[in-house]
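Take a look at the letters that make up each chain.
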Amino acid sequence: MRDSFKHLTHKMASLRVMVGVKRVIDYAVKIRVKPDKTGVVTEGVKHSMNPFDEIAVEEAVRLKEKKIAKEIIAVSCGPKQSQETLRTALAMGVDRAVHVEVTGKDYEGLGPLQVSKILAKLAQEEDVSLVILGKQAIDDDCNQTGQMLASYLDWPQATFASEVNLDDGHLKVVREIDGGLETVRVKMPCVVTADLRLNEPRYATLPNIMKAKKKPLVKKTAADLGVELAPRIEVLKVEDPPVREAGQKVDDVQDLVAKLKDAGRLG
Ligand code: AMP
(Lines give C-alpha, C1' and ligand atoms only; values in the text may rest on other atoms or scores of the structure.)
Protein backbone atom coordinates (compact mmCIF):
# COMPACT_ATOMS: atom_id res chain seq x y z
CA MET A 1 0.00 0.00 0.00
CA ARG A 2 1.36 3.39 -0.94
CA ASP A 3 2.15 5.54 2.11
CA SER A 4 -0.15 8.41 1.16
CA PHE A 5 -3.02 5.96 0.61
CA LYS A 6 -2.31 4.23 3.92
CA HIS A 7 -2.38 7.60 5.65
CA LEU A 8 -5.64 8.53 3.94
CA THR A 9 -7.43 5.28 4.80
CA HIS A 10 -6.27 5.62 8.38
CA LYS A 11 -7.50 9.20 8.56
CA MET A 12 -10.84 8.30 7.00
CA ALA A 13 -11.38 5.27 9.21
CA SER A 14 -11.24 7.57 12.21
CA LEU A 15 -14.09 9.67 10.89
CA ARG A 16 -16.82 10.33 13.40
CA VAL A 17 -20.28 11.05 12.01
CA MET A 18 -23.20 12.74 13.75
CA VAL A 19 -26.82 12.39 12.58
CA GLY A 20 -29.84 14.41 13.69
CA VAL A 21 -33.04 12.43 14.20
CA LYS A 22 -36.29 14.23 14.87
CA ARG A 23 -39.41 12.63 16.34
CA VAL A 24 -42.37 13.73 14.22
CA ILE A 25 -46.00 12.71 13.68
CA ASP A 26 -45.91 9.60 11.47
CA TYR A 27 -46.21 10.43 7.77
CA ALA A 28 -49.29 8.19 7.40
CA VAL A 29 -51.32 9.97 10.13
CA LYS A 30 -54.07 12.36 9.07
CA ILE A 31 -53.15 15.62 10.79
CA ARG A 32 -55.87 17.31 12.86
CA VAL A 33 -55.74 20.99 13.80
CA LYS A 34 -56.61 21.81 17.42
CA PRO A 35 -60.01 23.52 17.79
CA ASP A 36 -58.34 26.68 19.19
CA LYS A 37 -56.00 26.79 16.12
CA THR A 38 -52.86 26.99 18.27
CA GLY A 39 -51.30 23.92 16.67
CA VAL A 40 -52.01 20.32 15.68
CA VAL A 41 -53.22 17.46 17.85
CA THR A 42 -50.26 15.37 19.03
CA GLU A 43 -51.71 13.46 22.01
CA GLY A 44 -52.46 9.82 21.25
CA VAL A 45 -51.04 10.23 17.72
CA LYS A 46 -48.45 7.83 16.29
CA HIS A 47 -44.98 9.37 16.03
CA SER A 48 -41.91 8.07 14.14
CA MET A 49 -38.48 9.16 13.02
CA ASN A 50 -38.62 11.90 10.38
CA PRO A 51 -38.36 9.95 7.07
CA PHE A 52 -35.43 12.03 5.75
CA ASP A 53 -33.57 11.29 9.00
CA GLU A 54 -33.95 7.55 8.38
CA ILE A 55 -32.14 8.22 5.10
CA ALA A 56 -29.45 10.21 6.95
CA VAL A 57 -28.95 7.35 9.44
CA GLU A 58 -28.80 4.79 6.63
CA GLU A 59 -26.11 6.79 4.83
CA ALA A 60 -24.03 7.05 8.00
CA VAL A 61 -24.37 3.30 8.63
CA ARG A 62 -23.28 2.56 5.04
CA LEU A 63 -20.19 4.77 5.57
CA LYS A 64 -19.38 2.68 8.62
CA GLU A 65 -19.94 -0.56 6.75
CA LYS A 66 -17.54 0.69 4.04
CA LYS A 67 -15.04 1.36 6.88
CA ILE A 68 -15.05 5.06 6.04
CA ALA A 69 -16.64 6.01 9.37
CA LYS A 70 -15.49 4.81 12.75
CA GLU A 71 -18.38 5.88 14.94
CA ILE A 72 -21.90 7.22 14.48
CA ILE A 73 -23.63 9.37 17.08
CA ALA A 74 -27.34 10.17 16.80
CA VAL A 75 -28.83 13.26 18.43
CA SER A 76 -32.47 14.06 19.07
CA CYS A 77 -33.80 17.22 20.70
CA GLY A 78 -37.26 16.97 22.19
CA PRO A 79 -39.33 15.38 24.96
CA LYS A 80 -38.67 12.06 26.71
CA GLN A 81 -40.27 10.10 23.85
CA SER A 82 -37.43 11.25 21.54
CA GLN A 83 -35.49 8.42 23.18
CA GLU A 84 -37.69 5.96 21.24
CA THR A 85 -36.55 7.64 18.01
CA LEU A 86 -32.95 7.36 19.17
CA ARG A 87 -33.43 3.65 19.97
CA THR A 88 -34.64 3.14 16.38
CA ALA A 89 -31.47 4.85 15.11
CA LEU A 90 -29.38 2.62 17.40
CA ALA A 91 -31.19 -0.45 16.06
CA MET A 92 -30.37 0.66 12.49
CA GLY A 93 -26.65 0.67 13.32
CA VAL A 94 -25.85 3.92 15.15
CA ASP A 95 -23.26 3.38 17.94
CA ARG A 96 -24.46 5.78 20.61
CA ALA A 97 -27.08 8.43 21.19
CA VAL A 98 -27.48 11.83 22.82
CA HIS A 99 -30.90 12.96 23.93
CA VAL A 100 -31.15 16.71 24.48
CA GLU A 101 -34.29 16.95 26.53
CA VAL A 102 -36.55 19.88 25.66
CA THR A 103 -40.04 19.99 27.14
CA GLY A 104 -43.09 22.21 27.73
CA LYS A 105 -42.98 25.76 26.40
CA ASP A 106 -39.38 25.31 25.25
CA TYR A 107 -40.45 22.35 23.10
CA GLU A 108 -43.33 24.37 21.62
CA GLY A 109 -40.84 27.02 20.53
CA LEU A 110 -38.13 24.58 19.40
CA GLY A 111 -37.13 25.14 15.77
CA PRO A 112 -34.15 25.18 13.39
CA LEU A 113 -32.47 28.10 15.21
CA GLN A 114 -32.29 26.36 18.59
CA VAL A 115 -31.67 22.86 17.17
CA SER A 116 -28.81 24.05 14.96
CA LYS A 117 -27.15 25.76 17.96
CA ILE A 118 -27.45 22.54 19.98
CA LEU A 119 -26.09 20.41 17.13
CA ALA A 120 -23.20 22.84 16.57
CA LYS A 121 -22.15 22.56 20.23
CA LEU A 122 -22.38 18.76 20.15
CA ALA A 123 -20.51 18.49 16.83
CA GLN A 124 -17.62 20.40 18.40
CA GLU A 125 -17.79 18.53 21.69
CA GLU A 126 -17.82 15.15 19.93
CA ASP A 127 -15.17 16.25 17.40
CA VAL A 128 -17.12 14.93 14.40
CA SER A 129 -15.98 15.34 10.80
CA LEU A 130 -19.39 15.00 9.20
CA VAL A 131 -22.95 15.82 10.22
CA ILE A 132 -25.76 14.28 8.18
CA LEU A 133 -29.28 15.65 8.66
CA GLY A 134 -32.50 15.17 6.77
CA LYS A 135 -33.17 17.84 4.16
CA GLN A 136 -36.33 18.76 6.04
CA ALA A 137 -38.58 17.73 8.87
CA ILE A 138 -42.01 16.70 7.59
CA ASP A 139 -43.80 18.46 10.44
CA ASP A 140 -42.46 22.01 10.15
CA ASP A 141 -41.16 21.68 6.54
CA CYS A 142 -38.51 24.26 7.46
CA ASN A 143 -35.51 22.97 5.50
CA GLN A 144 -33.23 25.27 7.52
CA THR A 145 -31.44 23.30 10.23
CA GLY A 146 -28.59 21.92 8.09
CA GLN A 147 -27.92 25.29 6.51
CA MET A 148 -27.94 27.12 9.86
CA LEU A 149 -25.71 24.46 11.41
CA ALA A 150 -23.12 24.84 8.64
CA SER A 151 -23.21 28.57 9.21
CA TYR A 152 -22.72 28.30 13.02
CA LEU A 153 -19.82 25.89 12.55
CA ASP A 154 -18.45 27.79 9.53
CA TRP A 155 -18.27 24.46 7.69
CA PRO A 156 -19.07 23.77 4.03
CA GLN A 157 -22.49 22.30 3.28
CA ALA A 158 -23.84 19.97 0.61
CA THR A 159 -27.63 20.00 0.82
CA PHE A 160 -30.24 17.79 -0.93
CA ALA A 161 -27.73 14.98 -1.41
CA SER A 162 -28.71 12.07 -3.66
CA GLU A 163 -25.24 10.49 -3.70
CA VAL A 164 -22.29 10.78 -1.32
CA ASN A 165 -18.81 9.44 -2.11
CA LEU A 166 -15.41 9.83 -0.61
CA ASP A 167 -13.04 11.54 -3.03
CA ASP A 168 -9.41 11.95 -2.06
CA GLY A 169 -10.16 13.02 1.51
CA HIS A 170 -13.10 15.19 0.44
CA LEU A 171 -16.76 14.36 -0.05
CA LYS A 172 -18.17 14.34 -3.57
CA VAL A 173 -21.89 14.94 -3.31
CA VAL A 174 -24.50 14.81 -6.05
CA ARG A 175 -27.28 17.29 -5.28
CA GLU A 176 -30.84 17.37 -6.56
CA ILE A 177 -31.51 20.81 -7.97
CA ASP A 178 -34.29 22.22 -10.15
CA GLY A 179 -34.24 20.40 -13.45
CA GLY A 180 -31.14 18.30 -12.86
CA LEU A 181 -28.25 17.16 -10.72
CA GLU A 182 -25.26 19.14 -9.50
CA THR A 183 -22.02 17.52 -8.28
CA VAL A 184 -20.01 19.35 -5.64
CA ARG A 185 -16.83 18.54 -3.78
CA VAL A 186 -16.63 19.66 -0.15
CA LYS A 187 -13.87 19.66 2.39
CA MET A 188 -14.48 17.91 5.68
CA PRO A 189 -15.63 18.72 8.32
CA CYS A 190 -18.92 19.45 6.58
CA VAL A 191 -22.70 19.22 6.79
CA VAL A 192 -24.72 17.07 4.38
CA THR A 193 -28.52 16.97 4.17
CA ALA A 194 -30.21 13.87 2.77
CA ASP A 195 -32.70 13.96 -0.09
CA LEU A 196 -35.22 11.22 -0.86
CA ARG A 197 -33.19 9.34 -3.47
CA LEU A 198 -29.96 9.08 -1.45
CA ASN A 199 -30.72 5.51 -0.37
CA GLU A 200 -33.45 3.19 0.87
CA PRO A 201 -33.23 2.95 4.64
CA ARG A 202 -33.13 -0.51 6.20
CA TYR A 203 -35.69 -1.76 8.68
CA ALA A 204 -34.48 -2.38 12.19
CA THR A 205 -34.57 -6.14 12.77
CA LEU A 206 -35.83 -7.61 16.04
CA PRO A 207 -32.37 -8.82 17.18
CA ASN A 208 -30.97 -5.36 16.45
CA ILE A 209 -33.83 -3.72 18.34
CA MET A 210 -32.93 -5.91 21.32
CA LYS A 211 -29.21 -5.07 21.00
CA ALA A 212 -30.03 -1.36 20.71
CA LYS A 213 -31.47 -1.37 24.23
CA LYS A 214 -27.95 -1.93 25.55
CA LYS A 215 -26.23 0.75 23.46
CA PRO A 216 -25.23 3.97 25.30
CA LEU A 217 -27.76 6.82 25.39
CA VAL A 218 -26.90 9.92 27.40
CA LYS A 219 -29.28 12.69 28.36
CA LYS A 220 -28.32 16.36 28.31
CA THR A 221 -30.11 19.68 28.48
CA ALA A 222 -29.68 22.75 26.32
CA ALA A 223 -28.37 24.54 29.43
CA ASP A 224 -25.59 21.90 29.75
CA LEU A 225 -24.51 22.99 26.27
CA GLY A 226 -24.93 26.70 27.02
CA VAL A 227 -27.72 27.07 24.44
CA GLU A 228 -30.52 29.57 25.01
CA LEU A 229 -33.90 28.16 23.91
CA ALA A 230 -36.00 31.33 23.83
CA PRO A 231 -38.06 31.31 20.61
CA ARG A 232 -37.72 34.19 18.14
CA ILE A 233 -40.95 33.51 16.31
CA GLU A 234 -44.53 33.30 17.51
CA VAL A 235 -47.08 31.06 15.81
CA LEU A 236 -50.21 33.16 15.42
CA LYS A 237 -52.53 30.45 14.12
CA VAL A 238 -52.61 27.09 12.42
CA GLU A 239 -55.39 26.29 9.97
CA ASP A 240 -56.50 23.41 7.78
CA PRO A 241 -55.88 23.89 4.06
CA PRO A 242 -59.00 25.13 2.21
CA VAL A 243 -61.37 22.32 1.26
CA ARG A 244 -61.24 21.61 -2.48
CA GLU A 245 -64.43 22.42 -4.35
CA ALA A 246 -66.21 19.49 -5.98
CA GLY A 247 -65.46 19.02 -9.71
CA GLN A 248 -67.99 19.21 -12.54
CA LYS A 249 -68.54 16.79 -15.40
CA VAL A 250 -68.51 18.21 -18.95
CA ASP A 251 -69.99 16.57 -22.07
CA ASP A 252 -67.40 17.75 -24.59
CA VAL A 253 -64.82 20.44 -25.32
CA GLN A 254 -67.48 23.03 -26.31
CA ASP A 255 -69.23 22.45 -22.99
CA LEU A 256 -65.90 22.82 -21.14
CA VAL A 257 -65.12 26.12 -22.94
CA ALA A 258 -68.62 27.46 -22.24
CA LYS A 259 -68.38 26.58 -18.54
CA LEU A 260 -64.91 28.18 -18.25
CA LYS A 261 -66.24 31.35 -19.95
CA ASP A 262 -69.22 31.41 -17.57
CA ALA A 263 -66.87 31.12 -14.62
CA GLY A 264 -64.80 34.01 -16.02
CA ARG A 265 -61.73 31.78 -16.42
CA LEU A 266 -61.44 32.26 -20.20
CA GLY A 267 -61.22 35.60 -21.96
P1 AMP B 1 -35.91 21.35 9.44
O2 AMP B 1 -34.90 22.41 9.17
O3 AMP B 1 -36.75 21.62 10.67
O4 AMP B 1 -36.78 21.06 8.23
O5 AMP B 1 -35.13 20.00 9.79
C6 AMP B 1 -34.08 19.51 8.98
C7 AMP B 1 -33.34 18.40 9.69
O8 AMP B 1 -32.74 18.88 10.89
C9 AMP B 1 -34.17 17.20 10.12
O10 AMP B 1 -34.39 16.30 9.05
C11 AMP B 1 -33.28 16.59 11.22
O12 AMP B 1 -32.23 15.84 10.65
C13 AMP B 1 -32.69 17.84 11.88
N14 AMP B 1 -33.54 18.22 13.04
C15 AMP B 1 -34.53 19.14 13.07
N16 AMP B 1 -35.10 19.18 14.29
C17 AMP B 1 -34.46 18.25 15.06
C18 AMP B 1 -34.60 17.81 16.41
N19 AMP B 1 -35.53 18.32 17.22
N20 AMP B 1 -33.74 16.85 16.84
C21 AMP B 1 -32.79 16.34 16.03
N22 AMP B 1 -32.62 16.70 14.75
C23 AMP B 1 -33.44 17.65 14.26
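Here's a quick rundown of the structure. The structure presented is a predicted model; accordingly, all values stated were derived computationally and were not measured. (Residues numbered from 1 in each chain as written. Predicted model: local features only at pLDDT ≥ 70, side-chain atom pairs only at ≥ 80, totals over all residues. Heavy atoms only, no water.)

### Some words on the overall build of the chain
Part 1 of the reasoning: Scanning the chain from terminus to terminus reveals eight helices and eleven strands.
Part 2 of the reasoning: Along the first, second and third principal axes, the C-alpha set of the chain runs to 80 × 45 × 40 Å.
Part 3 of the reasoning: The contacts of the chain with a sequence gap of at least 6 include a subset with a gap of at least 24, amounting to 70%.
Part 4 of the reasoning: When the accessible surface of the chain is totalled, it reaches about 16,000 Å², and 52% of it is carbon and sulfur.
Part 5 of the reasoning: Of note, the chain has its 42 positive side-chain charges centred 5 Å away from the centre of its 40 negative side-chain charges. (Helix = DSSP H or I, 4+ residues; strand = E, 2+ residues; numbered from the N terminus. Contact = heavy atoms within 4.5 Å. Areas by Shrake-Rupley, 256 points an atom, 1.4 Å probe, with all protein chains shown as cover. Lys, Arg positive; Asp, Glu negative; His and termini not counted. Charge placed at Lys NZ, Arg CZ, Asp CG, Glu CD.)

### What to know about the pairing of strand β1 (residues 15-20)
Part 1 of the reasoning: Burial within β1 is extensive, with six of its six residues counted as buried.
Part 2 of the reasoning: Judged by which residues are buried, β1 turns out to be covered on both faces: L15, V17 and V19 on one side and R16, M18 and G20 on the other are all buried.
Part 3 of the reasoning: Here β1 pairs with strand β4 (residues 69-78) via six bridges, running parallel. Along β4, the bridge assignment pairs G20 with V75.
Part 4 of the reasoning: Of the pairings in the sheet, the one linking β1 to strand β6 (residues 130-134) comprises three bridges and is parallel in character. Directly across from M18, in β6, lies its bridge partner V131. (Buried < 20%, exposed > 50% of the residue type's maximum accessible area, 1.4 Å probe, protein only. Pairing = 2+ DSSP bridges.)

### Observations concerning the packing of helix α5 (residues 112-125) against helix α6 (residues 145-153)
Part 1 of the reasoning: Where α5 meets α6, the axes come as close as 8 Å, and the angle between the chain directions of the two elements is 50°. Of the possible angle classes, the one that applies to α5 and α6 is oblique. Considering only the axes of α5 and α6, their crossing is right-handed. Two secondary-structure elements touch here, α5 through P112, L113, V115, S116, K117, L119, A120, A123 and Q124 and α6 through T145, M148, L149, Y152 and L153.
Part 2 of the reasoning: Here the contact of α5 with α6 is composed, by residue class, of ten nonpolar, three polar and one charged. (Axes fitted to C-alpha atoms, helices over the stretch in contact; angles between N-to-C directions. Parallel < 35°, antiparallel > 145°, perpendicular 65-115°, else oblique. Left-handed = near helix turned anticlockwise from the far one by under 90°. Nonpolar A, V, L, I, M, F, W, Y, C, P; charged D, E, K, R; others polar.)

### Digging into the pattern of salt bridges
Part 1 of the reasoning: With the rule as written, the count across this model stands at 19 salt bridges.
Part 2 of the reasoning: For E108, the salt bridge goes to K105, with nearest N and O atoms at 3.2 Å. Placement of both E108 and K105 in helix α4 (residues 104-108) is noted, with a separation of three residues, approximately one turn of the helix. A single burial state applies to E108 and to K105, both of which are exposed.
Part 3 of the reasoning: In this structure, the salt-bridge partner of D195 is K135, at a minimum N-O distance of 3.2 Å. Here K135 lies in the loop between β6 and α6 and D195 lies in the loop between β10 (190-194) and α7 (206-212), a separation of 60 residues in the sequence.
Part 4 of the reasoning: On the accessibility criterion, D195 (4% relative accessible area) is buried.
Part 5 of the reasoning: Taking relative accessible area as the criterion, K135 reaches 18% and is therefore assigned buried.
Part 6 of the reasoning: Each of R16, E71, R96 and E126 takes part in salt bridges that share partners, so that together they form one network. (Salt bridge = Lys/Arg side-chain N within 4 Å of Asp/Glu carboxyl O.)

### Side note on the site of the ligand
Part 1 of the reasoning: Residues in contact with the ligand amount to 20 residues; listed here are only the nearest, D53, C77, A137, N143 and T145.
Part 2 of the reasoning: Taking D53, its side chain carries an N or O atom lying 2.5 Å from an oxygen atom of the ligand.
Part 3 of the reasoning: Between C77 and the ligand, the recorded distance is 2.8 Å, taken from a backbone N or O atom to a nitrogen atom.
Part 4 of the reasoning: Among the elements of the structure, β4, α5 and β6 are those that each provide at least two residues to the shell around the ligand.
Part 5 of the reasoning: Tallying contributions element by element places β4 first for the shell around the ligand, with three residues.
Part 6 of the reasoning: Of the residues contributing to the shell around the ligand, the split by class is nine nonpolar, eight polar and three charged. (Near = heavy atom within 4 Å. Polar contact = N/O pair within 3.5 Å; in protein donor to acceptor, adjacent residues only side chain to side chain.)

### Focus on the side chain of E71
Part 1 of the reasoning: Among the structural elements, E71 can be located in strand β4.
Part 2 of the reasoning: One polar contact links E71 to R16, side chain to side chain, over a distance of 2.8 Å.
Part 3 of the reasoning: Among the polar contacts made by the side chain of E71, one reaches the side chain of R96 at a distance of 2.7 Å.
Part 4 of the reasoning: If sequence neighbours within four positions are ignored, E71 has contacts with L15, R16, V17, D95 and R96.

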